[in-house]
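Chain and residue survey
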Amino acid sequence: MRASMIIALKDLSQRIRDKSAILLGIVAPLGLALIFAAIIPDASDFTSDIQVGVVDDDRSAISAPFINDVLPSVEADGLLTVESYDSAETAIAAVDAGTISAAYIFPEGFSDSLQAGGEATVEIVGNVDDSIATQIAKAVLDSYLAEVDAVGVAVGAVMVSGGSDVAGIAQSVTASTSAVVLADVAAGNRELDATTFFSAGMAVFFLFFTVQFGVSSLLEERHFGTLPRLLGAPISRWSVIGGKAITSFVLGLISMIVLAVATTFMIGAEWGNPLGVLILMICGVMSALGIMALVAVVAKTPEQAANYQAIVAVALGMLGGTFFPLSQGPRILSLFSKLTPHAWFLQGLGDLSAGESLKAVVTPALALLAFFVVTIGIASIWRKEVLAP
Amino acid sequence: MNVLECEGLAKAFDELVAVDDVGFHIAAGETYGLLGPNGAGKTTTISMISGILESDAGKVTVAGKEITTRTTDGNAEIGYVPQDIAIYPDLTARENLRFFGKLYGIPKASLGPRVDEVLEVIGLSDRGDDRTEEYSGGMKRRLNIGIGLLHEPSLLILDEPTVGVDPQSRNSILESVELLGQSGTAVLYTTHYMEEAERLCDRVAIIDGGKIRAEGTRRELVELVGQRDTINLGVIGSAYRLVEALESMPEIHKITAADASVEILVDGASSVLPRILEVAQQSEVGVSGVEVVEPNLESVFLHLTGKALRD
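Sequence order sets the numbering: in each chain, residues are counted from 1 along the sequence as written. As they are written, the chains are lettered A onward and the ligands numbered 1 onward, keeping that order. Where totals are concerned, whole chains, interfaces and linings use all residues; where local detail is concerned, this predicted model gives features only for residues with pLDDT of at least 70, and gives and counts side-chain atom pairs only at 80 or more. Computation of side-chain values: all heavy atoms of the structure, hydrogens and water removed.

1. Focus: the overall build of chain B
- Each helix and strand counted, chain B has 10 helices and 14 strands in total.
- Categorising residues by exposure relies on relative accessible area from a 1.4 Å probe, with only protein chains included: less than 20% of the type maximum marks a residue as buried, more than 50% marks it as exposed, and the intermediate range marks it as partly exposed. Within chain B, the proportion of its 311 residues that are buried is 50%.
- The contact criterion used is simple: two residues touch if any of their non-hydrogen atoms lie within 4.5 Å. Look at the contacts in chain B between residues 6 or more apart in sequence, and 68% of them connect residues 24 or more apart.
- Carbon and sulfur atoms provide 46% of the accessible area of chain B, an area that totals close to 13,700 Å². Counting from the N terminus, the helices are the DSSP runs of H or I reaching at least four residues and the strands are the DSSP runs of E reaching at least two. In these tables, accessible area is a Shrake-Rupley quantity obtained with a 1.4 Å probe, and a residue counts as shielded only by the protein chains included in the view.

2. Concerning the sheet that holds strand β11 (residues 229–236) of chain B
Residue and element names in this part refer to chain B.
- The sheet built from 4 strands is open, its strands ordered β12-β13-β11-β14 with antiparallel pairing. Both edges of this open sheet fall to β12 (252–257) and β14 (286–293), since each of them pairs with a single strand only. The sheet shows a mean angle of 20 degrees between the axes of neighbouring strands, direction not considered.
- Think of it this way: DSSP has to see at least two bridges between two strands before they count as a pair. Pairing between β11 and strand β13 (residues 261–266): 6 bridges, direction antiparallel. Within the sheet, the bridge partner assigned to Asn232 lies in β13 and is Glu263.
- Here an axis means a line fitted to C-alpha atoms, over the contact stretch when the element is a helix, while the angle between two N-to-C directions is reported on a 0 to 180 degree scale. Sitting on the sheet, helix α8 (residues 239–246) is in contact with β11, β12 and β13, with an inclination near 165 degrees to β12.

3. A few points about the nonpolar core
- We call a set of buried residues a nonpolar core when its members are Ala, Val, Leu, Ile, Met, Phe, Trp, Tyr or Cys and they connect through side-chain atoms within 4.5 Å of each other. In this structure, Leu4, Phe24, Ile49, Leu103, Leu143, Leu155 and Leu188 of chain B are the most contacted members of the largest nonpolar core, which totals 59 residues.
- When near neighbours in sequence (up to four residues on either side) are disregarded, Leu4 of chain B contacts Phe24, His25, Ile26, Ile49, Val60, Thr61, Val62, Leu155 and Leu188 of chain B.

4. Points about the packing of helix α9 (residues 194–223) of chain A against helix α11 (residues 237–267) of chain A
Residues and elements named next belong to chain A.
- Closest axis-to-axis distance for the α9/α11 pair is 8 Å, and the angle between their directions is 160 degrees. In terms of orientation, α9 lies roughly antiparallel with respect to α11. Between α9 and α11 lies a crossing of right-handed hand.
- For the contact of α9 with α11, a count of residues per class yields 12 nonpolar, 10 polar and 2 charged. Roughly parallel means an angle under 35 degrees; roughly antiparallel means over 145; roughly perpendicular covers 65 to 115; every other angle is labelled oblique. By definition, turning the near helix anticlockwise from the far helix through less than a right angle yields a left-handed crossing, and turning it clockwise yields a right-handed one. Note that Gly is not counted as nonpolar here; it falls among the polar residues with everything else outside the nonpolar set of Ala, Val, Leu, Ile, Met, Phe, Trp, Tyr, Cys and Pro and the charged set of Asp, Glu, Lys and Arg.

5. Comments concerning the side chain of Lys11 of chain B
All names here are of chain B.
- Position of Lys11 relative to the elements: it lies in strand β1 (residues 2–13).
- A distance of 2.8 Å separates the side chain of Lys11 from the backbone oxygen of Glu54, its partner in a polar contact.
- Discounting chain neighbours no more than four positions away, the residues touching Lys11 are Leu16, Val17, Ala18, Val19, Thr44, Met48, Leu53, Glu54, Ser55 and Asp56. Polar contacts, as used here, are pairs of N or O atoms within 3.5 Å; protein pairs need one atom able to donate a hydrogen and one able to accept it. Residues neighboring in sequence count only if both atoms are side-chain atoms.

6. Brief notes about the packing of aromatic side chains
- Here is the rule: rings of Phe, Tyr and Trp (six-membered ring for Trp) pair when centre to centre is within 6.5 Å. Planes less than 30 degrees apart are stacked, more than 60 are edge-to-face, and the remainder are tilted. Counting across every chain of the model gives 11 aromatic pairs over all chains.
- For the pair Phe66 of chain A and Tyr104 of chain A, a centre-to-centre distance of 5.1 Å together with 85 degrees between the ring planes defines the contact as edge-to-face. Linking Phe66 of chain A in helix α4 (residues 63–76) with Tyr104 of chain A in strand β3 (residues 102–106), this pair joins segments that are 38 residues apart in sequence.
- The class for Phe66 of chain A is buried, based on a relative accessible area of 0%.
- On the numbers, 4.6 Å between centres and 10 degrees between planes, the contact of Phe24 of chain B with Tyr32 of chain B is stacked.

7. Some words on the pairing of strand β8 (residues 186–191) of chain B
All names here are of chain B.
- Counting buried positions over the 6 residues of β8 gives 6, a clear majority of the element.
- Judged by which residues are buried, β8 turns out to be covered on both faces: Ala186, Leu188 and Thr190 on one side and Val187, Tyr189 and Thr191 on the other are all buried.
- Two elements, strand β3 (residues 31–35) and β8, share 5 bridges in a ladder whose sense is parallel. Bridging from a neighbouring strand, Leu34 pairs with Thr190 of β8.
- As paired strands, strand β7 (residues 155–159) and β8 are joined by 5 bridges and run parallel to one another.

8. Focus: unusual backbone geometry
All names here are of chain B.
- Residues other than glycine seldom take positive phi values, yet Glu160 does so here, at roughly 45 degrees.
- Within the secondary structure, Glu160 sits in the loop between β7 and α5 (167–182).
- Of note, the phi angle at Glu284 is positive, near 60 degrees, even though the residue is not glycine.
- Looking at where Glu284 falls in the secondary structure, it is placed in the loop between α9 (269–282) and β14.

9. Points about the pattern of salt bridges
All names here are of chain B.
- The rule for a salt bridge is simple: a side-chain nitrogen of Lys or Arg has to be within 4 Å of a carboxyl oxygen of Asp or Glu. Summed over the entire model, instances satisfying the criterion amount to 25 salt bridges over all chains.
- Ionic pairing is found between Arg114 and Glu117, a salt bridge with its closest N-O pair at 2.9 Å. Remark: Glu117 and Arg114 occur in helix α3 (residues 108–121); sequence separation between them is 3 residues, near one turn of the helix.
- On the accessibility criterion, Arg114 (12% relative accessible area) is buried.
- Since its relative accessible area comes to 43%, Glu117 is described here as partly exposed.

10. Here's the deal with the packing of helix α2 (residues 20–39) of chain A against α9 of chain A
All names here are of chain A.
- The geometry of α2 relative to α9 is characterised by a closest axis approach of 8 Å and an angle of 160 degrees between their N-to-C directions. By the criterion of interaxial angle, the relationship of α2 to α9 is roughly antiparallel. Relative to α9, the crossing made by α2 is right-handed. Contacts from Ser20, Ala21, Leu24, Gly25, Ala28, Pro29, Leu32, Ala33, Phe36 and Ala37 in α2 reach Thr195, Phe198, Ser199, Met202, Ala203, Phe206, Phe209, Thr210 and Phe213 in α9.
- The class makeup of the residues in the contact of α2 with α9 is 14 nonpolar, 5 polar and no charged.

11. Quick look at a nonpolar patch on the surface
All names here are of chain A.
- Patches were defined on residues exceeding 30% relative accessible area and lacking a salt bridge, with like-charge contacts within 9 Å and nonpolar side-chain contacts (Val, Leu, Ile, Met, Phe, Trp, Tyr) within 5 Å. On the surface, a nonpolar cluster with roughly 530 Å² of combined accessible area is contributed by Ile257, Val261, Phe265, Leu275, Leu278 and Leu358.
- Counting only elements with at least two residues in the nonpolar patch, the list comes to α11 and α12 (274–298).
- Top element by residues in the nonpolar patch is α11. It accounts for 3 residues.
- Turning to its location among the elements, Leu278 is positioned in helix α12.
- A relative accessible area of 32% means that Leu278 is categorised as partly exposed.

12. Digging into α9 of chain B
Residue and element names in this part refer to chain B.
- To estimate the expected span of a helix, subtract one from its residue number and multiply by 1.5 Å. End to end, α9 covers 20 Å across 14 residues, agreeing with the expected 20 Å (1.5 Å per residue, within 8%).
- Listed in full, the buried residues belonging to α9 are Ala269, Val272, Leu273, Ile276, Val279 and Ala280. The buried residues of α9 occupy an angular sector of 130 degrees when the element is viewed end-on, so they sit on one face. Exposed and facing more than 90 degrees away from the buried side of α9 are Ser270, Ser271, Gln281 and Gln282.
- Considering only its buried residues, α9 is in contact with β11, α8, β12, β13 and β14. As used here, the arc belongs to the directions running from the helix axis to the C-beta atoms.

13. Quick word on the side chain of Gln14 of chain A
- Checked against the element boundaries, Gln14 of chain A lands in helix α1 (residues 2–18).
- Given a relative accessible area of 8%, Gln14 of chain A falls into the buried group.
- Not counting residues within four places of it along the chain, the set of residues in contact with Gln14 of chain A comprises Tyr88, Asp90 and Leu91 of chain B.

Structure below.
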């Protein structure tokens, strides 16, 4: 352990000196998080003047709470301004005219269909020029339906534009099939607000670049000819590997913590329970360390390792949903994302930010540790080759 | 007392046998040379001796402690100077030395003074706080050796330390190695430069194709292969008349004449030369120049392996 610490301290001093770790671990993710947060505003920044309409042809025990309780509550928060319409035609005409941005239409028989076990459809008609408002209106409805556990409820969103046939659209609304089918909405699907999402997304994305400095430095030791010196020193070979792992771990964890603190104070990101966040960070760093170590042992040179690691980091980052919320993509993407540590990390944070207890991080943390165990296990098979002088 | 003892060392890389049944010993204060061309097995041998490379067979002990890739105790007795420059370019010389000093377990209190001492020995005291990427090749080489000396090892292993070094730095390195031998450190020195082996080494092993072909002092090796001295005479007058006059001398094994020179192969040139000059005077053949060529390790190597050291 003593030898590992000596090696790690040397490596850390080299990394700090060449500033590459600081640039990739802190400056780049922080900069991008700031940019994303600035150009993609939170709901509170742009919903104050969103006006929506609502048509309740169902008048049931399912539609009433939404119209009488949820919408007024949202309206009170300043998120939406709500206006009631007598018919789908008038609401769609208002959307078409731009008077309102979107309209909720509960068709007649909605609750009956639902209670009969069939598929029921709620339509959201949105103005084609205001798709964000439509998405927000849809999100409000999604949240409500999630609360009533309306498995099988369908929501259809139709965009209208000027000069359209209002009657025809109204007919299509009534007859339309579902555009979005809500699945079981569990805690795992809870999303972070935009600021926190991009802060955490950039942090975990760049984490994979930061930890590579440690594991790849084993290849640099060979490149500089210092590996034989280390192997010839009175220390165990595991000490050398341990030193590199400590370097990666410390760099990764420091960059995550600095980013969390910086984005909290600079742009108001809400990471959630600090202990839970720390657990996720530790497990996330370990998963990144394992994956990057595996990539490093496959490579022959530091340059090759850097290229491979960049490809893996970007691919996993994209698939893991660090650049956009997975809920906005196809469902299959959400499933595949579970093959990445990024998705588990963000899921854990989402649960924490939704006010879940520390228990919520257990599953994501275990998943992240599983990545570490599997990848380090495979990397160990190549250990002998990596430590060849 | 032997500092290094190794026997039966063997190593193969797939089908290639790099080292085959190599064994030798080095006493304290002795400088031992492994002389052989590139690819002879020198680096593989010392990699096994220093515990860097796992051997297929054989045993190594340094200062009585066994050395393998799994042991660590004995490694502190070894100072290893690899063939390639093995330093961190973004650290200063002092930082490089301190890092390796800590790895070798030099106590904190004595590390600073020891680093200063080594910087003085390798002539880098005034540049110790500069990053080594700013150093010349010779300075890097000196630091490379300094790291090996830092923990005052019982055995210093130098793997071709003068490759690619300018003549001035090379001479400085050779002088340092000579001083080490005098200080009681056992030195294992690999080289393919015959002159270095002859200058530095008390004993030399000729290695080729992974095997030690012969071992001993320079004189023992020369005698082992029956090498003789060559006397080249520049003559004024008839070279052939001198040849006729010298042919009857029993110390002369072979004599060849050209237009103005005579080449004579003898046992012990220093004792035979005065008699040859006397015969030349008696034969009324003038001598314009004398050159005595003693057999060297290059010719021994050629004799043993059938090829030159730098082939």
